[in-house]
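Each chain, written out:
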Amino acid sequence: MSKRRVVVTGMGIVSPVGNDIATAWKNVLEGNTGIGPVTAFDASAYATRIAGEVRDFDPVEAYFVGSDAPDDERRAIAKDFKRMDPFIHYGIVAGTHALRQSGLVVTDENAGRIGIAAGAGIGGLHTIESTALELAEKGPRKVSPFYVPSSIINMVAGNLSIYHGMKGPNIALVSACTTAAHNIGMAMRLIQYGDADAMLAGGAEFATTPTAMAGFCSAKAMSTRNDDPAHASRPWDTGRDGFLLSNGAGMLMLEEYEFAKARGANILAEIIGFGMSGDAYHITAPSGDGAELAMRNALHDAGLKAEDVQYVNAHGTSTPVGDLGEAKAIRNVFGEHATKKGQFAVSSTKSVTGHLLGAAGGVEAIFSIMALRDGVMPPTMNLESLDPEVEALGMDLVPNKAEKADLNVAMSNSFGFGGTNGTLVFRRI
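Keep in mind that what you see is a predicted model, and the values were worked out from it rather than measured.

Participant: Can you walk me through the overall build of the chain in this structure?
Facilitator: Assigned secondary structure in the chain consists of 14 helices and 14 strands. Its C-alpha atoms give the chain a radius of gyration of 20 Å, near enough to 22 Å, the size a compact globule of 429 residues would have. On the principal axes, the C-alpha backbone points of the chain span a range of 60 × 55 × 40 Å. Of all intrachain contacts in the chain linking residues separated by at least 6 positions in sequence, the fraction that spans at least 24 positions is 79%. Counting only carbon and sulfur atoms, one obtains 53% of the accessible surface of the chain, whose full area is about 16,400 Å².

Okay, structure coming up:
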């Protein structure tokens, strides 16, 4: 059985650098940071007091932007949204924007062939925390009957299905920071092998909560450059001291090529490869071997050689061990091609967005597609003193300024706790 081609026809984003594609992409290319002081709670006692929060976001207004929906529908959505964790808001809005951009109309005839694959890395911690406190203070009768559906991870996919009438596959893969990449990749597989003709896919996260921040602080995983948030996320720099937690969502509308073509869809890119692997190494420390295997698997799936790829959007979180391991893995996979400036480059957009955990792969897939569309590679900001071990690998890391390039194929990496890895490959079309 031959695999069906899968294309991207819509994208939606909610992020620290912007809540629409144009704004977010402009800020990424210009190196405008989304990192700032935490405002979601009092973080004064925390070792890390900065993060990438979503700003200027009203979920109801964002959901209906550009819509002429009647007042009763707006009131109904507003009532629903009061019962949802913020990560669900982000996912619903990003998914709805991706669907609308695609122009795909869900009908009684096609609803069973259109599905959703969307997850989160840690889900509704904000709601879980507040409910646990309420239970301790007021007892079980005060716990909301909406507590469970307002916090469980699959409710981004569930609510998008309900709101838009999608009756196809409805799944929520959860794999830490690889969540969105895995959902996108598996959605591609469902379309390739005929289980669906179209899928919304990606991830969402609201991670800047007291317990999540405290846990990552205790693990000494995050940057403590609190007085200089704009320069705190600095992948591959000698001064890197950890990642920054961020919130948001990134969603793609994927369609089978002939299905999209038949309705005259505007095709943004083709997704041609998906690779996975497991480190089998450590709970939190990444393995370069696992990253290398995921990339090799993605290239094999795409039917490409190393020299066919021009750009890699790296996982690149700004951790001392992870950044070096990924850089070595990329160099191993792409060999001498990786050292040819003008033909190959790597950058980390987490240098301005921070780390969106389960949403990161969706957001970075969008940036990879935008790089293909515009022929420009986003910069790795704050790269002032390159790690000597990384420098020895001889790769262009697009330091501090976007670079124009003739791009045909881009790769996006996502790696997560537990040693779970995912790599996506996109082609200009």
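Here the narrative resumes.
Participant: Just checking my understanding: could you explain the packing of aromatic side chains for this structure?
Facilitator: When we look at a pair of aromatic rings, we describe it by the centre distance and by the angle of the planes. Inspection of the entire model under this criterion finds eleven aromatic pairs. Judged by centre distance (6.5 Å) and plane angle (40°), the rings of Phe 81 and Tyr 163 are tilted. Residue Phe 81 is found in helix H3 (residues 71–81), and its partner Tyr 163 is found in helix H6 (residues 155–164); the two are separated by 82 residues along the sequence. Between the aromatic rings of Phe 334 and Phe 344, the centroid separation amounts to 4.7 Å while the plane-to-plane angle is 40°, which identifies the pairing as tilted. Of this pair, Phe 334 sits in helix H11 (residues 320–334) while Phe 344 sits in the loop between H11 and strand E10 (345–347), and the two are ten residues apart along the sequence. On the accessibility criterion, Phe 334 (3% relative accessible area) is buried. Given the relative accessible area of 1%, Phe 344 is considered buried.

Participant: I'm lost on helix H10 (residues 288–302) in this one. Help?
Facilitator: Each full turn of the α-helix corresponds to 3.6 residues, which orients residues three or four apart in the same direction. End to end, H10 covers 21 Å across 15 residues, agreeing with the expected 21 Å (1.5 Å per residue, within 8%). For H10, the full list of buried residues reads Gly 290, Ala 291, Glu 292, Ala 294, Met 295, Ala 298, Leu 299, Asp 301 and Ala 302. Residues of H10 that are buried sit in contact with helix H7 (179–192), strand E8 (269–278), H11, strand E13 (409–416) and strand E14 (420–427). Positive phi appears at Gly 303, one or two residues downstream of H10, with a value of about 70°.

Participant: Can you help me understand the nonpolar core in this one?
Facilitator: A general trend in soluble globular proteins is that nonpolar side chains are found buried together. Membership of the largest hydrophobic core comes to 47 residues, with the highest contact counts inside it found for Met 11, Leu 252, Leu 254, Phe 367 and Phe 426. Per element, the largest residue contribution to this core is nine residues, and it comes from helix H13 (residues 360–374). If you look at the next biggest cluster of nonpolar residues, it comprises 38 residues, including Val 60, Tyr 63, Phe 87 and Met 251.

Participant: Help me understand the packing of H7 against H13, please; the structure alone is not making it clear to me.
Facilitator: In a packed pair of helices, the relevant descriptors are the angle between the two axes and the axis-to-axis distance. It is at 5 Å that the axes of H7 and H13 come closest, and there the two elements cross at 65°. Relative to H13, the element H7 is oriented roughly perpendicular. Contacts between H7 and H13 pair Ala 180, Ala 181 and Ile 184 from the former with Gly 361, Gly 362 and Ala 365 from the latter. Classifying every residue of the contact of H7 with H13 by side-chain character gives four nonpolar, two polar and no charged.

Participant: Explain H13 to me, please; I cannot follow it from the model alone.
Facilitator: Taking 1.5 Å of rise per residue, the 15 residues of H13 would be expected to cover 21 Å, and the 21 Å separating its terminal C-alpha atoms lies within 8% of that figure. For H13, the tally of buried residues reaches 13 of 15 residues, placing the bulk of the element in the interior. Gly 375, located one to two residues past H13, shows a positive phi value of around 65°.

Participant: Teacher, can you tell me more about the pattern of salt bridges here?
Facilitator: Between side chains of opposite charge, a pair can form as their charged atoms come close. Within the structure shown, the criterion is met by 20 salt bridges. For Arg 331, the salt bridge goes to Glu 336, with nearest N and O atoms at 3.1 Å. Given the relative accessible area of 19%, Arg 331 is considered buried. Residue Glu 336 is classed as exposed on the basis of its relative accessible area of 52%.

Participant: Explain unusual backbone geometry to me, please; I cannot follow it from the model alone.
Facilitator: Most peptide bonds are trans, and most residues other than glycine sit at a negative phi. With a phi close to 50°, Asp 56 is a non-glycine residue in the positive phi region. Looking at the secondary structure, you find Asp 56 in the loop between strand E3 (50–51) and helix H2 (59–64). A positive phi angle, near 55°, is found at Lys 220, a position not held by glycine. Among the structural elements, Lys 220 can be located in the loop between helix H8 (210–218) and strand E7 (248–256).

Participant: Would you take a moment to explain the pairing of E8 for this structure?
Facilitator: For a regular strand, side-chain orientation follows a simple rule: the groups alternate between the two sheet faces. Most of E8 sits inside the fold, with eight of its ten residues counted as buried. The pairing of strand E1 (residues 6–14) with E8 spans three bridges and is classified as antiparallel. Among the inter-strand pairings, Val 7 is bridged to a residue of E8, identified as Glu 270. Pairing of E8 with E14 involves eight bridges; the strand directions are antiparallel. Across the sheet, the residue bridging to Gly 273 is Val 425, located in E14.

Participant: Sorry if this is basic, but what is going on with the environment of Ser 223 here?
Facilitator: Checked against the element boundaries, Ser 223 lands in the loop between H8 and E7. Sequence separation of Ser 223 and Met 84 is 139 residues, and the distance between their C-alpha atoms is 30 Å. Once you skip the residues sitting within four places of it in the chain, Ser 223 turns out to touch Thr 48, Ala 232, Asp 241, Gly 242, Phe 243 and Leu 244. Polar contacts involving the side chain of Ser 223 include one to the side chain of Asp 241, which spans 2.7 Å.

About the criteria used
- Residues numbered from 1 in each chain as written.
- Predicted model: local features only at pLDDT ≥ 70, side-chain atom pairs only at ≥ 80, totals over all residues.
- Heavy atoms only, no water.
- Helix = DSSP H or I, 4+ residues; strand = E, 2+ residues; numbered from the N terminus.
- Rg over C-alpha atoms; globule rule 2.2 N^0.38 Å.
- Contact = heavy atoms within 4.5 Å.
- Areas by Shrake-Rupley, 256 points an atom, 1.4 Å probe, with all protein chains shown as cover.
- Phe/Tyr/Trp six-rings, centres within 6.5 Å; stacked < 30°, edge-to-face > 60°.
- Buried < 20%, exposed > 50% of the residue type's maximum accessible area, 1.4 Å probe, protein only.
- Expected span 1.5 Å × (residues − 1).
- Core = buried A, V, L, I, M, F, W, Y, C linked by side-chain atoms within 4.5 Å.
- Axes fitted to C-alpha atoms, helices over the stretch in contact; angles between N-to-C directions.
- Parallel < 35°, antiparallel > 145°, perpendicular 65-115°, else oblique.
- Nonpolar A, V, L, I, M, F, W, Y, C, P; charged D, E, K, R; others polar.
- Salt bridge = Lys/Arg side-chain N within 4 Å of Asp/Glu carboxyl O.
- Pairing = 2+ DSSP bridges.
- Polar contact = N/O pair within 3.5 Å; in protein donor to acceptor, adjacent residues only side chain to side chain.

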